[in-house]
Amino acid sequence: MSDMTSFIRELPKAELHLHIEGTLEPELRFKLAARNSIALPYSTLEEMRAGYLFHDLPSFLAVYYDAMSVLKTSQDFYDLAWAYLERAHAENVRYAEIFFDPQAHTSRGVAFHTVLSGLRNAVLDGRRLLGIRAQLIMCILRDHSAAYGMATLLESLAYRDLIIGIGLDSDEAGNPPAKFAEVFRRAREEGYRLTMHCDVDQAGSTDHIRQCLDVIGVERIDHGVNVLDDASLVAAAAARGIGFTVCPVSNRYVTGELKAHELRRMLQRGLKVTVNSDDPAYFDAYVTDNLVAAAAAAGLTEPDLVQLERNAFEVSWLGPGAKDALLGELDRFEAAALSEEA
Ligand code: ADE
Ligand code: ZN
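The shown structure was predicted, so the numbers you read here are calculated from the model rather than taken from an experiment.

**A short note on the overall build of the protein chain**
Piece 1. Summing up its helical and strand segments, the protein chain has 17 helices and 8 strands in all.
Piece 2. Taken over C-alpha atoms, the radius of gyration comes to 19 Å for the protein chain, in line with the 20 Å a tight globule of 342 residues would show.
Piece 3. A total of 342 residues make up the protein chain; the buried ones form 57% of that total.
Piece 4. Summarising the internal contacts of the protein chain: among those between residues at least 6 apart in sequence, 77% fall at separations of at least 24.
Piece 5. Of the roughly 13,000 Å² of accessible surface on the protein chain, a fraction of 51% belongs to carbon and sulfur atoms.
Piece 6. When the 33 basic and 50 acidic side-chain charges of the protein chain are each reduced to a single mean position, those positions are 4 Å apart.

Structure representation (structure tokens):
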């Protein structure tokens, strides 16, 4: 392992853009299919992986939603989240904000409570048994109606204390942030923190980023690399301390490019940019791999990598005590790494 790779593995990290359904590894998909007596159109792991063919966001989403059919019981959701937390813990992710897509499950007859109880129990065990902190963010699917989004938001209120914030994901084409203005206004009133996906190189990307800032009033934007296309947006996002959760390897799968140079430019312009894995089971890269790939492609230095993680802890939705504790851990890691170099 190179010095840079081990530095990145050991660096205390926060992951803020991670779809729990996107961590469904082929092995677990087979196991859950067997447990739930679901027939799959593959007989080997290799065949399953070979079926994971995508070249843009819609083709990825088709594979991603199809695979979820094996998730049925609370135990299934627990196993999914537990596998991610163990993996994240092994690479020194100290804190994760985990997206989940309830409508992808309620729309096929799995109860909201089933999804949430499994995820919540895994989060609790992650803290108790591994010392990793995590919180849940509920995403609304933007390619469904605003009315269905609102109904899902209202359903979530029974679990308000278990969910830190609301996001917006799925297919962005023709589904701008403003479509969900009412849903997000209500979410804010209910005390949820707000974020939204602005996927990379979409039709209307800069308009969508502007709507996020001016119409919705998000604190973070998921992806959001196209902010660089408009200097006034960069200035507004920097002034407001908006967090950007960039996912380099995901970018490569859906646009053909890591956008690592864009990541470096975002850092240089003082944006609170972070690096994350998005859907690691499909893009074959957890957060360490994403940081290693971006560092190699854009020549990021160790101080740049520390800054990315400082940004992540700062724009996280941890309470002040836990945030300060993890920022302190990062400071101590940096001081020890620098003194080793001297
Ligand atoms: N759902 C899971 N991954 C996503 C992504 N990268 N963009 C939009 N929706 C998603
Ligand atoms: Zn995403």
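Now, onward.
**Some thoughts on the environment of Ala 260**
Piece 1. Mapped onto the elements of the fold, Ala 260 is located in helix α13 (residues 260-268).
Piece 2. The exposure class assigned to Ala 260 is buried, which follows from its relative accessible area of 4%.
Piece 3. Non-local contacts of Ala 260, meaning those with residues more than four positions away in its chain, are made with Ala 294, Ala 297 and Ala 298.

**Here we look at the packing of α13 against helix α15 (residues 287-298)**
Piece 1. One way to put it is that α13 packs onto α15 with a least axis distance of 8 Å and a crossing angle of 85 degrees. With respect to α15, the axis of α13 lies roughly perpendicular. Only Ala 294, Ala 297 and Ala 298 of α15 make contact with α13, whose side of the interface consists of Ala 260, His 261, Leu 263 and Arg 264.
Piece 2. Class assignment for the residues of the contact of α13 with α15 results in 5 nonpolar, 1 polar and 1 charged.

**What to know about helix α11 (residues 231-240)**
Each full turn of the α-helix corresponds to 3.6 residues, which orients residues three or four apart in the same direction.
Piece 1. Among the residues of α11, Leu 233, Val 234 and Ala 237 are the ones counted as buried. Viewed end-on, α11 has its buried residues packed into an arc of 100 degrees, placing them on one side of the element. Opposite the packed face of α11, turned more than 90 degrees from it, sit the exposed residues Ala 231 and Ala 239.
Piece 2. Looking at the buried side of α11, the elements it contacts are α10 (205-216) and β7 (243-246).
Piece 3. Directly beyond the C-terminal end of α11, a positive phi value near 65 degrees is found at Gly 241.

**A look at the site of ligand 1**
Piece 1. Around ligand 1 sit His 19, Leu 57, Phe 60, Leu 61, Tyr 64, Asp 169, Ser 170, His 197, Asp 199, His 223, Asp 278 and Asp 279, and those are all the residues in its vicinity.
Piece 2. Asp 199 places a side-chain nitrogen or oxygen 2.9 Å from a nitrogen atom of ligand 1.
Piece 3. Burial of ligand 1 by the protein chains amounts to 99% of its free accessible area of 260 Å².
Piece 4. With 4 residues, the top contributor of residues to the shell around ligand 1 is helix α4 (residues 57-67).

**Let's talk about the coordination of the zinc ion (ligand 2)**
Piece 1. Ligation of the zinc ion (ligand 2) by protein atoms is provided by His 17 (NE2), His 19 (NE2), His 197 (NE2) and Asp 278 (OD), these donors lying 2.0 to 2.3 Å from the ion.
Piece 2. Bound by 4 donor atoms, the zinc ion (ligand 2) shows angles of 83 to 175 degrees at the metal and therefore irregular coordination geometry.
Piece 3. The sequence pattern formed by the donor residues of the zinc ion (ligand 2) is H-x1-H-x177-H-x80-D.
Piece 4. By relative accessible area, His 19 is classed as buried at 4%.

**Overview of the environment of Arg 185**
Piece 1. Tracing the backbone shows Arg 185 in helix α9 (residues 181-189).
Piece 2. In this structure, the C-alpha to C-alpha distance between Arg 185 and Ile 216, residues 31 residues apart in sequence, is 7.2 Å.

**Comments concerning the pairing of β7**
Successive residues of a regular strand alternate their side chains across the two faces of the sheet.
Piece 1. Neither face of β7 is exposed, since Gly 243 and Thr 245 on one face and Phe 244 and Val 246 on the opposite face are all buried.
Piece 2. Handedness of the crossover joining strand β6 (residues 220-223) and β7 through α11 is recorded here as right-handed.
Piece 3. Pairing of β7 with strand β8 (residues 272-275), which is carried by 4 bridges, proceeds in the parallel orientation. In the strand pairing of β8, Gly 243 is matched with Lys 272.

About the criteria used
Residues numbered from 1 in each chain as written. Chains lettered and ligands numbered in written order. Predicted model: local features only at pLDDT ≥ 70, side-chain atom pairs only at ≥ 80, totals over all residues. Heavy atoms only, no water. Helix = DSSP H or I, 4+ residues; strand = E, 2+ residues; numbered from the N terminus. Rg over C-alpha atoms; globule rule 2.2 N^0.38 Å. Buried < 20%, exposed > 50% of the residue type's maximum accessible area, 1.4 Å probe, protein only. Contact = heavy atoms within 4.5 Å. Areas by Shrake-Rupley, 256 points an atom, 1.4 Å probe, with all protein chains shown as cover. Lys, Arg positive; Asp, Glu negative; His and termini not counted. Charge placed at Lys NZ, Arg CZ, Asp CG, Glu CD. Axes fitted to C-alpha atoms, helices over the stretch in contact; angles between N-to-C directions. Parallel < 35°, antiparallel > 145°, perpendicular 65-115°, else oblique. Nonpolar A, V, L, I, M, F, W, Y, C, P; charged D, E, K, R; others polar. Arc of directions from axis to C-beta. Near = heavy atom within 4 Å. Polar contact = N/O pair within 3.5 Å; in protein donor to acceptor, adjacent residues only side chain to side chain. Donors = N, O, S within 2.8 Å, 3.2 Å for Na, K, Ca; no water. Tetrahedral: all angles 85-135°; square planar, octahedral: opposite > 155°, others 65-115°. Right-handed = clockwise from strand over helix to strand, strands pointing away. Pairing = 2+ DSSP bridges.

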